[in-house]
Amino acid sequence: MGLTHLAGATAPTWAFGSVPAPVIRLGAGDTLKATVRNQLEADTSVHWHGLALRNDMDGVPPVTQQPIKAGASFDYEFIAPDPGTYWFHPHVGVQLDRGLYGALIVEDPAEPGGYEDEWVIILDDWLDGVTATPDDVLDELSAGMGDMGGMGDMFMRMGNTLMGATSDLLGGDAGDVYYPLYLVNGKPPADPTQFTGRAGEKVRLRIINAGSDTAFRLAIGGHTLTITHTDGFPVEPVEVDSILIGMGERYDAIITLDDGAFPLIAQAEGKRDRGFAVIRTGSAAAAPTADVSIPELTSGRVRKFVGGSGPGCGVGEVEAAGGVEGGLGSACG
């Protein structure tokens, strides 16, 4: 348990030391050893999202292991089988919707590279310690939203829920939970994450949607994105202006940095809000504001997702939406 700092305010939450947790990085074929000491007052686990593991290391109580009881510990040990962008989080109740998550990067020593830098970008929808706890929201959702007949296309907040959040890209419903903040690497738009580089450099983005109820449409002002991997696995490269990233999904993309300061926007699809960060290659350039409009978000060159994670999920330009394991949504794989 601990506090996370959100633009000058603090929110009590649960975390692996920080939000997000420090990146875990190893090579394909290396052995990962991690001891989880449960200091919570509740059962927990760690699920290594996207990795194909033997059951006893997969972290999904009660299916593949027993939960780690309060005050107890558990040793995870496994060989990382496939290179790619993955992440880790609990698979107990709605603990994912707190701060218990981080990136797991499995590097391929044989990969040609072709870029000068690499940034891990974790997107999240956040309410814990601000408007409610995830368990409060689950109770509210479980009670139902009553008869909404005659409300038409109205978009509105009702307590911790949303009504009328829709998206054509998602084929309709865009989520049911009201989140006061959308984070990029643990920071809200009022105190944005800053990425720095040099003009002309190629940067590999490892993008993870850790949100529980939000698909994000990610774009960078003044830049195109060349997608190289989805859910950890290489794909035929494709150039787009934005990527629609479902809950639990990961995309890798290459950008070539221009000179100046540019917005990275993670639009909360259908929810009329966004996450925001700043990319800077020139110190004298004025930083963009969080409400900036960029054409990349309205361009038709958007890569959609299949939903969920794992081989065969997240590859292709299709209409289906997915969800997230163990959060306030549902899941594919």
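For the structure itself, look to the data block above.
Residues numbered from 1 in each chain as written. Predicted model: local features only at pLDDT ≥ 70, side-chain atom pairs only at ≥ 80, totals over all residues. Heavy atoms only, no water.

## Observations concerning the overall build of the protein
- A tally of helices and strands in the protein yields one helix and 24 strands.
- A sequence separation of at least 24 residues applies to 70% of the contacts in the protein between residues at least 6 apart.
- For the protein, the accessible surface area stands at approximately 13600 Å², while carbon and sulfur atoms represent 51% of it. (Helix = DSSP H or I, 4+ residues; strand = E, 2+ residues; numbered from the N terminus. Contact = heavy atoms within 4.5 Å. Areas by Shrake-Rupley, 256 points an atom, 1.4 Å probe, with all protein chains shown as cover.)

## Topic: the environment of Arg 206
- Examined against the element boundaries, Arg 206 turns out to sit in strand S16 (residues 202-209).
- Arg 206 sits 84 residues away from Ile 122 along the chain, and the two C-alpha atoms are 8.3 Å apart.
- Once residues within four sequence positions are removed from consideration, Arg 206 is found in contact with Gly 84, Thr 85, Ile 105, Glu 118, Trp 119, Val 120, Ile 121, Tyr 251 and Asp 252.
- There is a polar contact of 3.0 Å between the side chain of Arg 206 and the side chain of Glu 118. (Polar contact = N/O pair within 3.5 Å; in protein donor to acceptor, adjacent residues only side chain to side chain.)

## Looking at the nonpolar core
- Of all hydrophobic cores here, the largest spans 31 residues; its most connected members are Leu 123, Leu 205, Leu 225, Ile 243 and Ile 255.
- The contact partners of Leu 225, leaving out residues within four places of it in the chain, are Leu 205, Leu 218, Ile 220, Val 238, Glu 239, Val 240, Asp 241, Ser 242, Ile 243, Ala 253, Ile 254 and Ile 255.
- Grouped together as the second largest cluster of nonpolar side chains are 18 residues, Ala 34, Val 46, Leu 51 and Ile 68 included. (Core = buried A, V, L, I, M, F, W, Y, C linked by side-chain atoms within 4.5 Å. Buried < 20%, exposed > 50% of the residue type's maximum accessible area, 1.4 Å probe, protein only.)

## Brief notes about the sheet that holds strand S15 (residues 193-196)
- Taken together, the six strands give an open sheet; going across it, the order is S15-S23-S22-S17-S20-S24, and neighbouring strands pair in mixed fashion. Each edge of the open sheet carries a strand with a single partner, namely S15 and strand S24 (302-303). (Pairing = 2+ DSSP bridges.)

## So, the sheet that holds strand S7 (residues 84-89)
- The strand order S3-S8-S7-S5 describes an open sheet built from four strands, whose pairing is mixed. Each edge of the open sheet carries a strand with a single partner, namely strand S3 (21-27) and strand S5 (47-49). Going across the sheet, the axis of each strand differs from the next one's by a mean of 25°, ignoring polarity.
- Bridge count for S7 against strand S8 (residues 102-107) is five bridges, and the pairing is antiparallel. Bridge pairing links Trp 87 to Ala 103 in S8. (Axes fitted to C-alpha atoms, helices over the stretch in contact; angles between N-to-C directions.)

## As for the pattern of salt bridges
- According to the stated counting rule, one finds 16 salt bridges in the structure shown.
- The shortest N-O distance in the salt bridge between Arg 25 and Glu 118 comes to 2.8 Å. Of this pair, Arg 25 sits in strand S3 while Glu 118 sits in strand S9 (residues 117-126), placing them 93 residues apart in sequence.
- What makes Arg 25 partly exposed here is its relative accessible area of 40%. (Salt bridge = Lys/Arg side-chain N within 4 Å of Asp/Glu carboxyl O.)

## Observations concerning the packing of aromatic side chains
- Going through the model one piece at a time under the given rule, you end up with eight aromatic pairs.
- Taking 6.3 Å as the distance between ring centres and 55° as the angle between the ring planes, the aromatic pair formed by Tyr 179 and Tyr 182 counts as tilted. For the pair Tyr 179 and Tyr 182, one class covers both residues: buried.
- Ring pairing ties together the aromatic residues Phe 16, Trp 48, Phe 74, Tyr 76, Phe 78 and Phe 88, which thus form one cluster.
- The ring of Trp 14 carries the charged tip of Arg 98 above its face, separated from the ring centre by 4.0 Å. (Phe/Tyr/Trp six-rings, centres within 6.5 Å; stacked < 30°, edge-to-face > 60°. Lys NZ or Arg CZ within 6 Å of the ring centre and 35° of its normal.)

## Regarding unusual backbone geometry
- For the peptide bond that leads from Val 19 to Pro 20, omega is -10°, which places it in the cis range.
- If you trace the backbone, Pro 20 turns up in the loop between strand S2 (9-13) and S3.
- A cis geometry characterises the amide bond from Pro 61 onward to Pro 62, with omega recorded as -5°.
- By secondary structure assignment, the location of Pro 62 is in the loop between S5 and strand S6 (73-79).
- The residue Asn 185 is not glycine, and still its phi comes out positive at about 55°.
- Counting through the fold element by element, Asn 185 comes out in the loop between strand S14 (181-184) and S15.
- Here Arg 272, not a glycine, exhibits a phi torsion of approximately 60°, which is positive.
- Its relative accessible area of 62% is what places Arg 272 among the exposed residues.

## Re the pairing of strand S4 (residues 31-37)
- Here S4 shows one buried face, formed by Leu 32, Ala 34 and Val 36, and one open face, formed by Thr 31, Lys 33, Thr 35 and Arg 37.
- As defined by bridge partners, S4 adjoins S6 across seven bridges and the pair is classed as antiparallel. Residue Thr 31 lies in a different strand from S6, and its bridge partner there is Ile 79.

## Details of the side chain of Ser 299
- One can find Ser 299 in the loop between strand S23 (273-280) and S24.
- Looking at Ser 299, its side chain comes within polar contact range of the side chain of Asp 241, at 2.5 Å.

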